[in-house]
2 protein chains.
Amino acid sequence: MRAEILSIGTELLLGDIVNTNAQYLSKRLAELGVNVYFQAVVGDNPTRILEAYEQAYQRADLIVISGGLGPTEDDLTKETAGAYFGKGMVFHLDIWEPIAQYYKIRGSKPVESAKKQALFPEGSEILPNPAGTAPGCWINEDGRMMAMMPGPPREMIPMFEEQVVPRIQPYLDQTFQSRVLRICGSGESNVEDALRDIIRKQVNPTIATYAKEGEVHVRVTARGSTQEEAEGLLQPVIEACHQRLGDLIYGEGLKSLEETVFYYLNKCNKTIAVAESLTGGMLTARLVNVPGMSTFLLEGLVPYTNRAKVRQLGIPRELIEKHGPVSEETVTQMASAVASLSGADIGIGVTGWAGPSDDPEQPVGLIWMGLTMNGSTKTRKIIFSGDRNRIRFFAANMTLCWLLKTIKEQIE
Amino acid sequence: MRAEILSIGTELLLGDIVNTNAQYLSKRLAELGVNVYFQAVVGDNPTRILEAYEQAYQRADLIVISGGLGPTEDDLTKETAGAYFGKGMVFHLDIWEPIAQYYKIRGSKPVESAKKQALFPEGSEILPNPAGTAPGCWINEDGRMMAMMPGPPREMIPMFEEQVVPRIQPYLDQTFQSRVLRICGSGESNVEDALRDIIRKQVNPTIATYAKEGEVHVRVTARGSTQEEAEGLLQPVIEACHQRLGDLIYGEGLKSLEETVFYYLNKCNKTIAVAESLTGGMLTARLVNVPGMSTFLLEGLVPYTNRAKVRQLGIPRELIEKHGPVSEETVTQMASAVASLSGADIGIGVTGWAGPSDDPEQPVGLIWMGLTMNGSTKTRKIIFSGDRNRIRFFAANMTLCWLLKTIKEQIE
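What you are looking at is a predicted structure, and each value in this text was computed from that prediction instead of being measured. (Residues numbered from 1 in each chain as written. Chains lettered and ligands numbered in written order. Predicted model: local features only at pLDDT ≥ 70, side-chain atom pairs only at ≥ 80, totals over all residues. Heavy atoms only, no water.)

**Focus on the overall build of chain A**
Here comes step 1: Scanning chain A for helices and strands turns up 14 helices and 17 strands.
Here comes step 2: With the C-alpha coordinates of chain A rotated into their principal frame, the extents come out at 80 × 60 × 40 Å.
Here comes step 3: At a minimum sequence separation of 6, the contacts of chain A that also span at least 24 residues come to 67%.
Here comes step 4: Carbon and sulfur atoms make up 49% of the accessible area of chain A, which totals about 16,800 Å². (Helix = DSSP H or I, 4+ residues; strand = E, 2+ residues; numbered from the N terminus. Contact = heavy atoms within 4.5 Å. Areas by Shrake-Rupley, 256 points an atom, 1.4 Å probe, with all protein chains shown as cover.)

**Here we look at the interface of chain B and chain A**
Here comes step 1: Counting from both sides, the interface comprises 72 residues of chain B and, opposite them, 73 residues of chain A.
Here comes step 2: Summing both sides of the interface, chain B and chain A together bury roughly 6,200 Å²; the carbon and sulfur share of this comes to 50%.
Here comes step 3: Along the contact surface separating chain B from chain A lie 8 salt bridges.
Here comes step 4: Between Arg311(B) and Glu299(A) there is a salt bridge, with its nearest N and O atoms 2.6 Å apart.
Here comes step 5: Where chain B touches chain A, the interface holds 44 residue pairs in polar contact (both at pLDDT 80 or more).
Here comes step 6: Counted by class, the side of chain B that touches chain A contains 30 nonpolar, 23 polar and 19 charged residues.
Here comes step 7: When strand β14 (residues 297-302) of chain A meets strand β14 (residues 297-302) of chain B, the two strands line up antiparallel, connected through 3 bridges. For Gly300(A), the partnering residue across the bridge sits in β14(B) and is Val302(B). (Buried area = accessible area lost by both parts, 1.4 Å probe. Salt bridge = Lys/Arg side-chain N within 4 Å of Asp/Glu carboxyl O. Polar contact = N/O pair within 3.5 Å; in protein donor to acceptor, adjacent residues only side chain to side chain. Nonpolar A, V, L, I, M, F, W, Y, C, P; charged D, E, K, R; others polar. Pairing = 2+ DSSP bridges.)

**Concerning the sheet that holds strand β12 (residues 249-252) of chain B**
Residue and element names in this part refer to chain B.
Here comes step 1: What the 4 strands build is an open sheet, ordered β10-β11-β9-β12; its pairing is antiparallel. Sheet topology places β10 (206-212) and β12 at the edges, where each strand pairs with a single neighbour. Taken over all neighbouring pairs, the strand axes of this sheet differ in orientation by 25° on average, direction set aside.
Here comes step 2: As judged from the 10 bridges shared by strand β9 (residues 175-184) and strand β11 (residues 215-224), these two strands associate in the antiparallel manner. Pairing of Cys-184 across the sheet is with Glu-215, part of β11.
Here comes step 3: Lying over the sheet, helix α7 (residues 188-201) contacts β9, β10 and β11, oriented at roughly 180° with respect to β10. (Axes fitted to C-alpha atoms, helices over the stretch in contact; angles between N-to-C directions.)

**Regarding the packing of aromatic side chains**
Here comes step 1: Using the criterion set out here, one finds 19 aromatic pairs over all chains in the structure.
Here comes step 2: Ring geometry for Tyr57(B) and Tyr84(B): centres 5.4 Å apart, planes at 20°, overall stacked. Here Tyr57(B) is found in helix α3 (residues 46-59), whereas its partner Tyr84(B) is found in helix α4 (residues 77-85), with 27 residues between them in sequence. Comparing Tyr57(B) with Tyr84(B), the two get one shared label, buried.
Here comes step 3: Ring pairs connect the aromatic residues Tyr53(A), Tyr57(A), Tyr84(A) and Phe85(A), which therefore count as one cluster.
Here comes step 4: If you follow Arg144(B) out to its NZ or CZ, it ends over the ring of Tyr57(B), 6.0 Å from the centre. (Phe/Tyr/Trp six-rings, centres within 6.5 Å; stacked < 30°, edge-to-face > 60°. Buried < 20%, exposed > 50% of the residue type's maximum accessible area, 1.4 Å probe, protein only. Lys NZ or Arg CZ within 6 Å of the ring centre and 35° of its normal.)

**Focus on helix α5 (residues 93-105) of chain A**
All names here are of chain A.
Here comes step 1: Across its 13 residues, α5 extends 18 Å between first and last C-alpha, which sits within 8% of the 18 Å expected from 1.5 Å per residue.
Here comes step 2: Where α5 is concerned, the buried positions are Ile-95, Trp-96, Ile-99, Tyr-102 and Tyr-103. An end-on view of α5 places all buried positions within 115° of arc, on one side of the element. Seen from the open side of α5, the exposed residues pointing more than 90 degrees away from its buried face are Asp-94, Pro-98 and Lys-104.
Here comes step 3: Backbone geometry just downstream of α5 places Gly-107 in the positive-phi region, at approximately 75°. (Expected span 1.5 Å × (residues − 1). Arc of directions from axis to C-beta.)

**A word on the sheet that holds strand β2 (residues 35-42) of chain B**
Here comes step 1: Within the open sheet, the 12 strands sit side by side as β6(A)-β7(A)-β8(A)-β3(A)-β1(A)-β2(A)-β2(B)-β1(B)-β3(B)-β8(B)-β7(B)-β6(B). Their pairing is mixed. A single partner strand is all that each edge strand has here, and the edge strands are β6 (125-127) of chain A together with β6 (125-127) of chain B. Ignoring strand direction, the axes of neighbouring strands in this sheet form an average angle of 15°.
Here comes step 2: As paired strands, strand β7 (residues 136-141) of chain A and strand β8 (residues 144-149) of chain A are joined by 5 bridges and run antiparallel to one another. Paired with Asn140(A) across the bridge in β8(A) is Met145(A).
Here comes step 3: Docked against the sheet, α3(B) engages β2 (35-42) of chain A together with β1 (2-8), β2, β3 (62-66) and β8 (144-149) of chain B, running at close to 165° with respect to β1(B).
Here comes step 4: Along the sheet face, helix α6 (residues 153-168) of chain B touches β3, β6, β7 (136-141) and β8 of chain B and points at about 160° away from the line of β8(B).

**Quick notes on the packing of helix α2 (residues 20-32) of chain A against helix α6 (residues 153-168) of chain A**
All names here are of chain A.
Here comes step 1: Look at α2 against α6: their axes get within 11 Å of each other, and the N-to-C directions meet at 25°. As the angle between them shows, α2 and α6 are arranged roughly parallel. Once α2 is placed against α6, the crossing between them reads as right-handed. Counted together, Thr-20, Asn-21, Tyr-24, Leu-25, Arg-28, Leu-29 and Leu-32 of α2 and Pro-153, Met-156, Ile-157, Phe-160, Glu-161, Val-165 and Ile-168 of α6 form the full contact between these two elements. (Parallel < 35°, antiparallel > 145°, perpendicular 65-115°, else oblique. Left-handed = near helix turned anticlockwise from the far one by under 90°.)

**Structural notes on the pattern of salt bridges**
Here comes step 1: This model, assessed by the stated rule, comprises 37 salt bridges over all chains.
Here comes step 2: Linking Arg59(A) and Glu51(B) is a salt bridge whose minimum nitrogen-to-oxygen distance equals 3.1 Å. Pair noted here: Arg59(A) is in helix α3 (residues 46-59) and Glu51(B) is in helix α3, and the two residues belong to different chains.
Here comes step 3: For Glu51(B), a relative accessible area of 22% gives the class partly exposed.
Here comes step 4: Here Lys116(A) makes a salt bridge to Glu79(A), at a shortest N to O gap of 2.9 Å. One end of the pair, Lys116(A), is in the loop between α5 and β5 (119-121); the other, Glu79(A), is in helix α4 (residues 77-85), with 37 residues separating them in the sequence.
Here comes step 5: In this structure, a network of salt bridges that share partners links the residues Glu73(A), Glu192(B), Asp193(B), Arg196(B) and Arg200(B).

**Some words on the environment of Gln410(A)**
All names here are of chain A.
Here comes step 1: Mapped onto the elements of the fold, Gln-410 is located in helix α14 (residues 388-411).
Here comes step 2: Classification of Gln-410 by relative accessible area gives partly exposed; the value is 36%.
Here comes step 3: Considering only alpha carbons, one finds Gln-410 and Cys-268, 142 residues apart in sequence, at a separation of 7.5 Å.
Here comes step 4: With residues near it in sequence (within four places) discarded, Gln-410 still touches Lys-270, Met-373 and Asn-374.

**Considering unusual backbone geometry**
Here comes step 1: For the peptide bond that leads from Asn204(A) to Pro205(A), omega is 5°, which places it in the cis range.
Here comes step 2: Topologically, Pro205(A) is positioned in the loop between α7 (188-201) and β10 (206-212).
Here comes step 3: Unlike most non-glycine residues, Asn269(A) shows phi in positive territory, near 50°.
Here comes step 4: Along the chain, the position of Asn269(A) falls in the loop between α9 (257-268) and β13 (272-276).
Here comes step 5: Positive phi values are uncommon outside glycine, yet Asn374(B) reaches one of about 50°.
Here comes step 6: Considering the arrangement of structural elements, one finds Asn374(B) in the loop between β16 (366-373) and β17 (376-383).

**Comments concerning the pairing of strand β17 (residues 376-383) of chain A**
All names here are of chain A.
Here comes step 1: In terms of strand pairing, strand β16 (residues 366-373) meets β17 through 8 bridges, oriented antiparallel. The residue bridging Leu-366 from the neighbouring strand is Ile-383, located in β17.
Here comes step 2: Connecting β16 to the antiparallel partner β17 that follows it, the hairpin turn spans 2 residues, and Asn-374 within it adopts a positive phi of roughly 50°.

**Comments concerning the state of the cysteines**
Here comes step 1: Summed over the entire model, instances satisfying the criterion amount to 2 disulfides over all chains.
Here comes step 2: Shown here is the disulfide that connects Cys184(A) with Cys401(A), its sulfur atoms set 1.7 Å apart. Between Cys184(A) and Cys401(A), the S-S dihedral sits near 80°, and the bridge is therefore right-handed. In this pair, Cys184(A) is assigned in strand β9 (residues 175-184) and Cys401(A) in helix α14, connecting sequence segments 217 residues apart.
Here comes step 3: Under the relative-accessibility criterion, Cys184(A) is labelled buried at 8%.
Here comes step 4: With no disulfide of its own, Cys241(B) lies 17 Å from the sulfur of Cys184(B), the closest cysteine sulfur.
Here comes step 5: Judged by its relative accessible area of 0%, Cys241(B) falls in the buried class. (Disulfide = S-S within 2.5 Å.)

What follows is the structure, given as structure tokens:
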């Protein structure tokens, strides 16, 4: 099977955004065993979109499209597909009603053009979009397949995985099985180094590492004529990865770091509370990402100033003045005070210098983390490099990693 | 002048790297006033590269290429250009010598194929590469121009700026000026609706809307034979946008919403403190994104549970039980208590249901915001739709918008 990736949107041609969709789709199609020989980007212009469709079908069976499904007049992906396939556009009232409801709930009247989002080429299959308003659609006509998906990655990715992949699968003669190992607390080159000989040796399964925000993912993909065959090939390589990487691997699959923390908090039935300074709410917000977290997260504090550290946590002003707000002493007080004040089983403290200019005597990127449990507090110091928000992100992330490791040890 | 951007390299088709070159070149060409209607990516395959050249010249005068100039056998950009233009490949000894030297210095013998880096189509101009080994080249033949540059951005960017731009410049007769208006608190389709007649009417300047996370950007671009002429055309359209959109426009250019809040907090010299429930630290973390915020943000509280609302803020338990944690009464207490406890001039409260399942009697997405200033508290209710984290993001964003509007009014 041959596919081409077509990204539609003038903002790509103007360089306003980077085309991460093309990368994501290329990678995933390669994993599925679909050959991709061309990627193209075209603006919101019906003549040029039509030309792009015509050229792509001269070379490929499948066009995977993102962008141009929105409510505005220059969103023309579906309309042009209708023209290409010689199909009229059909208005779907059942699709329109929840969209109209969306506008109504927000107290605004939908503009007339918003109805475009419920218009689809005749005979196409509608692909639901739980993450946004504009649904996608799928056409399969005389061996020419077209997947039309929205441009925003957080809408496109789940639609591709849940709606498009199953529609491609029947046309693939091999089955692919892949698993993703999630790693926190180590860089991509270290992970690659640990796995280098396995990566070099393997043809099937293949192993690829991906640097993600604050983590590294290792994807192991096996192909076989049956699912069992592919699974069977996968297993020994997954085990070898676990042997090499040990507890750097915090989980597998789609579960995020905070979801994994939630899973283990639930398993060991412990409540937590957070006092965070430089991260400024980021760490608590990461925890709150997970539905149901209110059972375990009792509260968060952001004592951003020294005055707030005194007021919120009762840390003696003299202690902060003597050791500084970024110190083992202060973070110990933060973790233990937030635990005892909130009544939580685990208290977390994070403080540090995010820069650009903070304390002249301590380096930007210096982080102290504290963790109070069962009446005692342990601390950890780490220095990150990067800009202010990268340092803050890594500080929150590393604290979550450390928390996870600690609660996992409680269970084992 | 019309250009197309062509990126050559199988690693792009496999999704191993993101195509940032295409974004960089698109942005710069737009700034130079060169129209780019297509971007394409093709692998290291001579037939497909040739096809890409042929298609591009059907639509454009200039092809801007990155990738495929290296020493390996699958680097075929120049060879295929030679074939396309019917030119032989010429070996340049003066180019080869420093390359051979480069290998020698590193103690390695150049492989035979490395000589490819000194082969160029007859009659092409060689573009020096101070940042790497492979030089680029430039062909200008019967009105068809081709710039061939290396793939690594740190080699490509200086070559484009220093070698390619001066070669394009003589063909440009116009200069472009553009400005971006930033809008918060309204969707893209509403913004477009408000500007529809201006958008339709205008050829120069052009107006485009872009949906960003929680905001909408309006880009107005004018062209003229001089910078002053373009600026002069821009001004009345910018004013018309301001008239239509009023205080939905929170700023212009690159300054983010939180940076704009910081700017006005500084201008009116007011301190703030935040108590946020469903956003769980997101709002405070957004503020902390801005360096120097510690002067104005005194502290943040995340009273995620009812118990924490009582403990952190002293809100009477009966009040929460009577009206519920998501209510005008509770958010009023949150905003006023965090102001008085912290001693901040402005207190912010946010509470709501983020879902997926919360209070059966109130809708998921219901948000109450409270703002205390000068001893009085105002409140606002809003309902968002979407998944949990989208609701939380929008709640934090809308609260920042409202805060900004309030402090701007203080100054005016």
